[in-house]
Amino acid sequence: MLKQISGGVCAPKGFKANGVHCGIRKNKIKKDLALIVAEKPCAAACVYTQNLVKGAPILVTKKNVANGYARAVIVNSGNANTCNEGGEQIAEGMCALVEDYTGIPATDVIVASTGVIGQKLSLDPIASGMKELVDGLGNNSGYAAEAIMTTDTVKKEIAFEFELDGKKCHIGAICKGVGMICPNMATLLMFVTTDVAITPKMLQKAISDDVKDSVNMLSVDRDTSTNDTFGILASGLAGNKEITEANADYEIFCEALHAVTSALCRMLARDGEGATKLLECRVSGAKTKEDARLAAKSVINSNLVKAAMFGCDANWGRVLCALGYAGANLDIHKIGVVFKSTAGELPVCEKGMGIPFSEEHAKAVLSQEEIVIDISLNDGDFGATAWGCDLTYDYVKINGDYRT
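Parameters at a glance
Residues numbered from 1 in each chain as written. Predicted model: local features only at pLDDT ≥ 70, side-chain atom pairs only at ≥ 80, totals over all residues. Heavy atoms only, no water. Helix = DSSP H or I, 4+ residues; strand = E, 2+ residues; numbered from the N terminus. Rg over C-alpha atoms; globule rule 2.2 N^0.38 Å. Buried < 20%, exposed > 50% of the residue type's maximum accessible area, 1.4 Å probe, protein only. Contact = heavy atoms within 4.5 Å. Areas by Shrake-Rupley, 256 points an atom, 1.4 Å probe, with all protein chains shown as cover. Core = buried A, V, L, I, M, F, W, Y, C linked by side-chain atoms within 4.5 Å. Arc of directions from axis to C-beta. Pairing = 2+ DSSP bridges. Axes fitted to C-alpha atoms, helices over the stretch in contact; angles between N-to-C directions. Parallel < 35°, antiparallel > 145°, perpendicular 65-115°, else oblique. Left-handed = near helix turned anticlockwise from the far one by under 90°. Nonpolar A, V, L, I, M, F, W, Y, C, P; charged D, E, K, R; others polar.

What is the right way to read the overall build of the chain from this model?
A count of helices and strands for the chain gives 11 helices and 15 strands. For a compact globule of 404 residues, the expected C-alpha radius of gyration is about 22 Å, and the chain comes in at 21 Å, within 12% of that figure. Reported as C-alpha extents along the three principal axes, the dimensions of the chain are approximately 70 × 55 × 35 Å. Taken over 404 residues, the chain has a buried fraction of 57%. Intrachain contacts of the chain at a sequence separation of at least 6 include 79% that bridge at least 24 residues. If you sum the accessible surface of the chain, you get close to 16200 Å²; carbon and sulfur atoms cover 50% of it.

Below, the structure written as structure tokens:
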């Protein structure tokens, strides 16, 4: 049974974290350098952006975790270290600084950067901040979560406790990302720690499968970032029998992992750039799992749907429009749509046709901060959920002067 706990990435046994301002960002009250370290080598796994333009840190991290093990994560915000001459050397230099100050081999470090693309990044501020960063290592998951934020308005962390093999186990995470977020990885940095004993192969399988129904179902603005990285470290210190195959313990671990990732997806969508509402699209009755995913993604990606939700306009035709071009195998004449919130439910469509509803009740339902778009395809047994947000004036304002 899952129990939510405090502690973020420091909740599992064997992990410490910290975050400081080192000088990459001009605003001195904003932290811009984070570090997570493990007391022993960990099984490690990562997934990355599908954008062909990739940040230099991704290239370095791929090499460092190729053997399935890592022991630290270092991240800077304020500069993406992407499309920069010498970017890989800078990323390798960040790993080397971790070795210099902690003794952890540079090749055992996951490195990531987030911020403006195409601006040169110097190692000087990072080097100047390392002593403070390392000296402050402790139960400081929140500091690390703050240090990886860009246009995020709130830090994002979570942790759960559960049992495996009669042992108490823990899983925790921090993440960031509220813009350049589109399904199939987003401008998302997500770092997960766990004290579960699991092989690198099974850990990689777990996160590669999980992203299909978590971060790949998240969208803010249909832009896929260049630096997306989702990394996980497993210390094995919980003392459970090592997971080496897809057995019952593996399924329990996967449930705990998905509890973390889905909760963070909701946080990310709710904090989307300029957003006033969290949108959750739930699709049921699809012929296949992929049809359900395609349908949910298409609706959550639609700028017209997002704008309608911002305006509290129950324009359900935009939902059907998005379903029609989703590429899913569905029968438009079987579809039902219901808008839901804490103010009640609003059925708007049955069998692909509109049904009468009260505009006053519609406004009440759609004025809430969390809106569910519940879609019944009535054509099978599969379902999927996607997360997004409304499209507001502030999104344009934020991105109109993001660099300057």
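Could you clarify how one ought to interpret the nonpolar core in this entry?
Soluble globular proteins: nonpolar side chains tend toward being buried together. Ranked by size, the top nonpolar core spans 78 residues in total, and within it Phe253, Phe339 and Ile375 carry the most contacts. A total of 12 residues in this core trace back to one element, the largest contributor, which is helix α6 (residues 248-270). Look past the residues within four positions of Phe253 in its chain and what remains in contact with it is Phe162, Ile171, Thr194, Val196, Ile198, Leu203, Ala206, Ile232 and Ile243. Ranked by size, the runner-up nonpolar core spans 26 residues in total, among them Val9, Ala38, Tyr48 and Phe191.

What should I look at first to understand helix α5 (residues 200-210) in this one?
Given 3.6 residues per turn, any residue in an α-helix points the same way as the ones three and four places further on. Residues of α5 that are buried include every one of Pro200, Met202, Leu203, Ala206, Ile207 and Asp210, and no others. Along the axis of α5, the buried positions cluster into a sector of 165°, meaning they face one direction only.

When you look at the sheet that holds strand β14 (residues 370-376) in this model, what are you seeing that I'm missing?
Remark on secondary structure: sheet strands pair via backbone hydrogen bonds, oriented parallel or antiparallel. Here six strands make up an open sheet; going across it, the order is β13-β12-β11-β14-β10-β15 and the pairing mixed. Edge positions in the open sheet fall to β13 (353-354) and β15 (382-389), since each of these has one partner strand only. Bridging between strand β11 (residues 336-341) and strand β12 (residues 344-350) involves five bridges; their strand directions are antiparallel. For Val337, the partnering residue across the bridge sits in β12 and is Cys349. Packed on one face of the sheet, helix α10 (residues 359-366) meets β11, β12 and β14 and runs near 120° to β12.

Sorry if this is basic, but what is going on with the packing of helix α1 (residues 56-64) against helix α2 (residues 87-102) here?
When two helices pack together, their arrangement is captured by the angle between the axes and the distance separating the axes. Two elements in contact, α1 and α2, have axes whose closest approach is 8 Å; the angle formed by their N-to-C orientations is 55°. Considering the angle they form, α1 stands oblique to α2. As for how α1 packs across α2, the hand of that crossing is right-handed. Contact residues: Ala56, Pro57, Leu59, Val60, Lys63 and Asn64 in α1; Gly87, Glu88, Ala91, Glu92 and Cys95 in α2. A class-by-class count of the residues in the contact of α1 with α2 yields six nonpolar, two polar and three charged.

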